[in-house]
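Take a look at the letters that make up each chain.
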Amino acid sequence: MRVAVFEDNLMWSARLIQSLKALGHEPTLVTKVEEEWGNPEAAIVNLGSSTLQATVLVPQLHEIGAKVIGHAGHKEKDLLTLGAEAGCDTVATNSELTFKLQALLENLQWAQTK
């Protein structure tokens, strides 16, 4: 699956890119909205980013047909709520993204076939 990773935390982005590649996906790191996104089937958006605003980004991703996973820390309830309100198809904590990444992506694929 082609996955755009919208992340400006370099340590977190490296971990996500490595995990996605290991799972057989084709990740593209996007650190600024102005960068080329390609044609992703899915996107992972850091809800805590001050430069990648989910309220603007998620609708743009939906316009091109991408499913969106928004993520934030488990104690950042306001950010997780923001992700749901912004229209993320799935909202996950950082630990869920770390330990359940493949399942989260499979759920997005299943939702795409509906």
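Provided above is the structure to which this section pertains.
Quick look at the structure, then. (Residues numbered from 1 in each chain as written. Predicted model: local features only at pLDDT ≥ 70, side-chain atom pairs only at ≥ 80, totals over all residues. Heavy atoms only, no water.)

Describing the nonpolar core
- By size, the foremost hydrophobic cluster in this structure holds 19 residues, and its most contacted members are Phe6, Val45, Leu57 and Leu61.
- Looking at this core, the elements that each hand over two or more residues are β1 (2-6), β3 (42-46), α2 (54-63), β4 (67-72) and α3 (77-86).
- Ranked by residues supplied to this core, first place goes to α2 with 4 residues.
- Dropping the residues within four chain positions of it, Leu61 is found in contact with Phe6, Trp37, Ala43, Val45, Ala66 and Val68.
- The next biggest cluster of nonpolar side chains, apart from the first, holds 16 residues, and it includes Met1, Leu20, Ile69 and Leu108. (Core = buried A, V, L, I, M, F, W, Y, C linked by side-chain atoms within 4.5 Å. Buried < 20%, exposed > 50% of the residue type's maximum accessible area, 1.4 Å probe, protein only. Helix = DSSP H or I, 4+ residues; strand = E, 2+ residues; numbered from the N terminus. Contact = heavy atoms within 4.5 Å.)

Observations regarding the side chain of Asn46
- The topology assignment puts Asn46 in strand β3.
- There is a polar contact of 2.7 Å between the side chain of Asn46 and the side chain of Glu7.
- Residue contacts for Asn46: discarding those within four places in its chain leaves Phe6, Glu7, Asp8, Leu52 and His71. (Polar contact = N/O pair within 3.5 Å; in protein donor to acceptor, adjacent residues only side chain to side chain.)

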